[in-house]
Amino acid sequence: MTARLLRSVLYVPGDKPRAIEKARTLNADAVILDLEDAVAPEHKAQAREHVREALSVRWPVPVMVRVNGLGTEWEHDDRELALTAGAAGIVLPKVEDARDAHALSLGLPLWAMIETPLGVLNAPAIAAVPGVAGLLVGANDLARALRTRPHPERTPLRHALSAVVLAARAHGKIPLDAVYNDVRDPDGFARECRQGRTLGFSGKTVIHPGQIDAANAAYGVTDDEADAARAVIAAWNTARAEGKSVATHQGALVEQMHVDEANEVLGLWGATR
């Protein structure tokens, strides 16, 4: 699953079967069926059955399950569901300790949610756990724990966001940015997507179908960007054929790392076609 494109990852409440059914028809790169925050305590058992039914049929994209956290009364039933019903991964909320990630490495990819100050501080150790596929930022809980104020550029959270990206990239894992709460603000959502990509995230978690296309666009590759990558590779190939160790393209030095980056861009572009 870690090889798949994950520009947009849609949360869907587990107790909303109509929303789950609609999610099958959308163009998110992955879906998270949520048994945690989006489901009231009295609906947990019913939501689990809806999720089980949803996982009994084939989906066009990977479907993960966000389970309730460690120490809750629902944790064991949620994990059993994810392990036996065919989920593509387990999303574990509020991970703060690498030992918890080790304990939950049960054969499915584990996606650790970093939602607390301690989780941010321990993110490198969490990302280093072999069973962890990626780190997801939970900015709402993190902002509350840090006592920050809302800011359109997420300035109070920027250090934590970059820390999560750094931890994930250091261990070859996928960093996914947090949700954007105001589904009526497409401009703000697009701005936050651009910021997230600039910071190094691979994609964004979303909470509304209307956010999917913007996330896909922000974390995708345009035709112009693909053409620019091909030009870099062509300049490099020409230089190497001439026996040169480096190349220049449009006045800029081109080395092997630039060619590697260009190939990554083309791989991302190809994955969206």
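To be clear, the structure that these remarks concern was listed above.
Note that the structure is a prediction, hence the values are computed from the model and not measured.

Draft legend 1. Representation of the environment of D100 within the structure. Note on placement: D100 falls in helix α4 (residues 98-103). Taking the relative accessible area as the measure of exposure, D100 reaches 28% and is therefore partly exposed. Separated by 36 residues in the primary sequence, D100 and L136 place their C-alpha atoms 16 Å from one another.

Draft legend 2. Focus on the pattern of salt bridges. Tallying each qualifying case throughout the model produces 18 salt bridges. E21 is paired through a salt bridge with R24; the nearest N and O atoms lie 3.1 Å apart. On the basis of relative accessible area, E21 is assigned to the partly exposed category, the value being 45%. Accessibility expressed as a relative area gives 19% for R24, which makes it buried. For D97, the salt bridge identified is with R99, shortest N-O distance 2.6 Å. A relative accessible area of 22% places D97 in the partly exposed class. Among the ionic contacts, a cluster of salt bridges with common partners joins R154, D177, E192 and K204.

Draft legend 3. Region of the structure containing the sheet that holds strand β3 (residues 63-66). An order of β1-β2-β3-β4-β5-β6-β7-β8 is seen for the eight strands of this closed barrel, with the pairing classed as parallel. Put simply, the sheet's adjacent strands are angled 25° from each other on average, direction ignored. The sheet contact formed by strand β6 (residues 132-137) and strand β7 (residues 174-177) spans three bridges and is parallel. Its bridge partner being in β7, L135 is matched across the sheet by P175. Helix α9 (residues 186-199) rests against β7 and β8 (203-206) of the sheet, and its axis sits at about 145° to β8.

Draft legend 4. Here's a closer look at the nonpolar core. In terms of nonpolar packing, the biggest core is built from 61 residues, with V31, L33, V65 and L135 touching the most fellow members. Per-element tally for this core: the top contributor is helix α8 (residues 158-170), with seven residues. Residue contacts for V65: discarding those within four places in its chain leaves I32, L33, L35, V51, L55, A82, A87, G89, I90 and V91.

Draft legend 5. Region of interest: helix α2 (residues 44-55). Its 12 residues place the ends of α2 16 Å apart at the C-alpha level, agreeing with the 16 Å of an ideal helix rising 1.5 Å per residue. For α2, the set of buried residues is K44, A47, R48, H50, V51, A54 and L55. Down the axis of α2, the buried side of the element spans an arc of 160°, and every buried residue falls inside it. In the core, the buried residues of α2 are packed alongside α1 (17-23), β2 (30-34), β3 and α3 (75-84).

Draft legend 6. Inspection of α3 at higher detail. Listed as buried for α3 are E75, D78, R79, L81 and A82. Taken around the axis of α3, the buried residues stretch over an arc of 155°, which confines them to a single face. More than 90 degrees from the buried face of α3, the exposed residues found are H76 and T84. Looking at the residues trailing α3, positive phi occurs at G86, about 95°.

Draft legend 7. Broad picture of the layout of surface pockets. Size it by volume and the largest pocket reaches roughly 890 Å³. In terms of lining, the largest pocket is formed by 31 residues, of which the most central are R169, R197, E264, V265 and L268. For the lining of the largest pocket, the secondary-structure elements that each account for two or more residues are α11 (223-241), β10 (252-254) and α12 (256-271). Among the elements that line the lining of the largest pocket, the one with the most residues is α12, at eight residues. Class assignment for the residues of the lining of the largest pocket results in 17 nonpolar, six polar and eight charged.

Cut-offs used in this document
- Residues numbered from 1 in each chain as written.
- Predicted model: local features only at pLDDT ≥ 70, side-chain atom pairs only at ≥ 80, totals over all residues.
- Heavy atoms only, no water.
- Helix = DSSP H or I, 4+ residues; strand = E, 2+ residues; numbered from the N terminus.
- Buried < 20%, exposed > 50% of the residue type's maximum accessible area, 1.4 Å probe, protein only.
- Salt bridge = Lys/Arg side-chain N within 4 Å of Asp/Glu carboxyl O.
- Pairing = 2+ DSSP bridges.
- Axes fitted to C-alpha atoms, helices over the stretch in contact; angles between N-to-C directions.
- Contact = heavy atoms within 4.5 Å.
- Core = buried A, V, L, I, M, F, W, Y, C linked by side-chain atoms within 4.5 Å.
- Expected span 1.5 Å × (residues − 1).
- Arc of directions from axis to C-beta.
- 1 Å grid on protein atoms, 1.4 Å probe; cavity = no way out; pocket = protein on both sides within 12 Å on 5 of 7 lines; lining within 4 Å.
- Points joined across faces, edges and corners; volume = space filled by probe spheres on them.
- Nonpolar A, V, L, I, M, F, W, Y, C, P; charged D, E, K, R; others polar.

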